[in-house]
Amino acid sequence: VKCHLKPLAIAASATQSDYTRLDVVLIMLVTLYHKFSCPDLDQTVAKAVLCSLEKRWAKADCPVFILAVVLHPFLQLSCFSPQNPYRQFSTLWALVQSTYHRIALVEPNNNFCKAFHSYVSNTGEWSDEGMSLRGHKEQAKKEKKPVNLLQIWRELDFITVGLIPTLNGTSGLIHLALTLLSVVPNSAATERVFSQFGIIHSCLRNRLSLEKVCKQALIRSNMIAQYSSIHHVKRKFMEPDSDKESATQSSSLSLTTASQVTSASSSSS
């Protein structure tokens, strides 16, 4: 039972995360397909899972998921086998043309094609050094957060403040990547917000206005996202060493005062 449920539990956890993207969903589907293709598993269960995966993939927008993996700077074409047809530039370019026309309602031009070819070839400004992948990875490791792929792509775009942005050429490729990698393929975050609404707008606080409930829910969500919890931590006004020092000083002062009082009483007597 564990061998059958563990991959499903891992996939469910990964696809319900706040950082889930389209490429994560596709990788999880492929991982499950390989896991349940193992002949050591119960074939009845394995066939049912494989059949379910194939049905879901048939109903999915396949080009969008595939391009999300390709436009992942750390993955690109590494997930595809050498004999896979998506290793051919012509096949990938056909996906890009159809998908970008649906998103931007324009046909990608020759500069777009050159930029995409340089990207999948990992050359020029689209190389690992040109995209500063190592620096972004180290920064994310220091902050203990996933790498912000959107930030990587934004830094490659031209500064268009005060200008009319173009939706073709290099900017078109960046626009396509930002669009696909910004898609959140689950409703977990929305469900968490509804749960926060239920906690805030309780029976004892049912007269709160909608605006105040929304503001409090936003604050709680941001606190959970930044600190992973909103439980209060006990405040410490003094360090343990300072407490000992203050206790020692107070005891010495009390002894000095007591000795002074004793000496004064003896002299008066």
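Structure first, text after, so check above.
Definitions and limits used
- Residues numbered from 1 in each chain as written.
- Predicted model: local features only at pLDDT ≥ 70, side-chain atom pairs only at ≥ 80, totals over all residues.
- Heavy atoms only, no water.
- Core = buried A, V, L, I, M, F, W, Y, C linked by side-chain atoms within 4.5 Å.
- Buried < 20%, exposed > 50% of the residue type's maximum accessible area, 1.4 Å probe, protein only.
- Helix = DSSP H or I, 4+ residues; strand = E, 2+ residues; numbered from the N terminus.
- Domains from an automatic or database assignment.
- Contact = heavy atoms within 4.5 Å.
- Phe/Tyr/Trp six-rings, centres within 6.5 Å; stacked < 30°, edge-to-face > 60°.
- Expected span 1.5 Å × (residues − 1).
- Arc of directions from axis to C-beta.
- 1 Å grid on protein atoms, 1.4 Å probe; cavity = no way out; pocket = protein on both sides within 12 Å on 5 of 7 lines; lining within 4 Å.
- Points joined across faces, edges and corners; volume = space filled by probe spheres on them.
- Nonpolar A, V, L, I, M, F, W, Y, C, P; charged D, E, K, R; others polar.

Peer 1: Go over the nonpolar core, please, and point to the residues and values.
Peer 2: Counting 40 residues, the largest nonpolar core has Val70, Leu71, Phe116, Tyr119, Trp126, Trp153 and Leu173 as its most contacted members. Those elements that place two or more of their residues in this core are helix 2 (22–35), helix 4 (62–70), helix 5 (89–104), helix 6 (110–121), helix 8 (149–156) and helix 9 (169–181). Counting only domains with at least three residues in this core, you end up with domain 1 (1–60) and domain 2 (62–185). Those residues within four positions of phenylalanine 116 in sequence are excluded, and the remaining contacts are Val70, Leu71, Phe89, Leu92, Trp93, Val96 and Leu173. Formed by 10 residues, the second largest nonpolar core is a distinct cluster that contains Ala11, Val24, Leu32 and Ala46.

Peer 1: If you had to explain the packing of aromatic side chains to someone new, which residues and values would you point to?
Peer 2: For the structure shown, the criterion picks out 11 aromatic pairs. Ring plane angle 45 degrees and centroid distance 6.0 Å describe the contact between phenylalanine 80 and tyrosine 86, whose orientation is recorded as tilted. Classification of phenylalanine 80 by relative accessible area gives buried; the value is 12%. Tyrosine 86 gets classed as partly exposed once you look at its relative accessible area, which sits at 24%. The interplanar angle of 10 degrees and the centroid separation of 6.3 Å between the aromatic rings of phenylalanine 89 and tryptophan 93 together place this pair among those described as stacked. Residue phenylalanine 89 and its partner tryptophan 93 are both found in helix 5; the two are separated by four residues, about one turn of the helix. With relative accessibility at 24%, the residue phenylalanine 89 sits in the partly exposed group. Taken together, the aromatic side chains of Phe89, Trp93, Tyr100, Phe112 and Phe116 make up a single cluster linked through ring pairs.

Peer 1: Could you give me a rundown of helix 10 (residues 188–200), with the residues and numbers involved?
Peer 2: For helix 10, built from 13 residues, the straight-helix expectation of 18 Å at 1.5 Å per residue is met to within 8% by its first-to-last C-alpha distance of 19 Å. Along helix 10, the positions that sit buried rather than exposed are Ala188, Gln196 and Ile200. Buried residues in helix 10, looked at end-on, bunch into an arc of 115 degrees, giving them a common side. Along its buried surface, helix 10 packs onto helix 11 (210–227).

Peer 1: Explain the environment of glutamine 97 residue by residue, including any values.
Peer 2: Relative to the assigned elements, glutamine 97 resides in helix 5. For glutamine 97, a relative accessible area of 30% translates into the label partly exposed. Separated by 15 residues in sequence, glutamine 97 and phenylalanine 112 place their C-alpha atoms 9.8 Å apart.

Peer 1: A description of the layout of surface pockets should follow, citing residues and the corresponding values.
Peer 2: Roughly 940 Å³ of volume is contained in the largest pocket. Lining the largest pocket are 29 residues, with Asp18, Tyr19, Lys145, Pro146 and Ala225 positioned closest to its centre. Put simply, the parts of the chain that give the lining of the largest pocket at least two residues each are helix 7 (133–143), helix 8, helix 10 and helix 11. With five residues, the top contributor of residues to the lining of the largest pocket is helix 11. The residue makeup of the lining of the largest pocket, split by class, is 13 nonpolar, 11 polar and five charged. Approximately 510 Å³ is the volume attributed to the second largest pocket. Every residue lining the second largest pocket is counted, 17 residues in all, and those nearest its centre are Leu26, Val30, Trp57, Phe80 and Asn84. Top element by residues in the lining of the second largest pocket is helix 2. It accounts for six residues. Residue composition of the lining of the second largest pocket, by class: 13 nonpolar, three polar and one charged. Each of domain 1 (1–60) and domain 2 (62–185) gives at least three residues to the lining of the second largest pocket.

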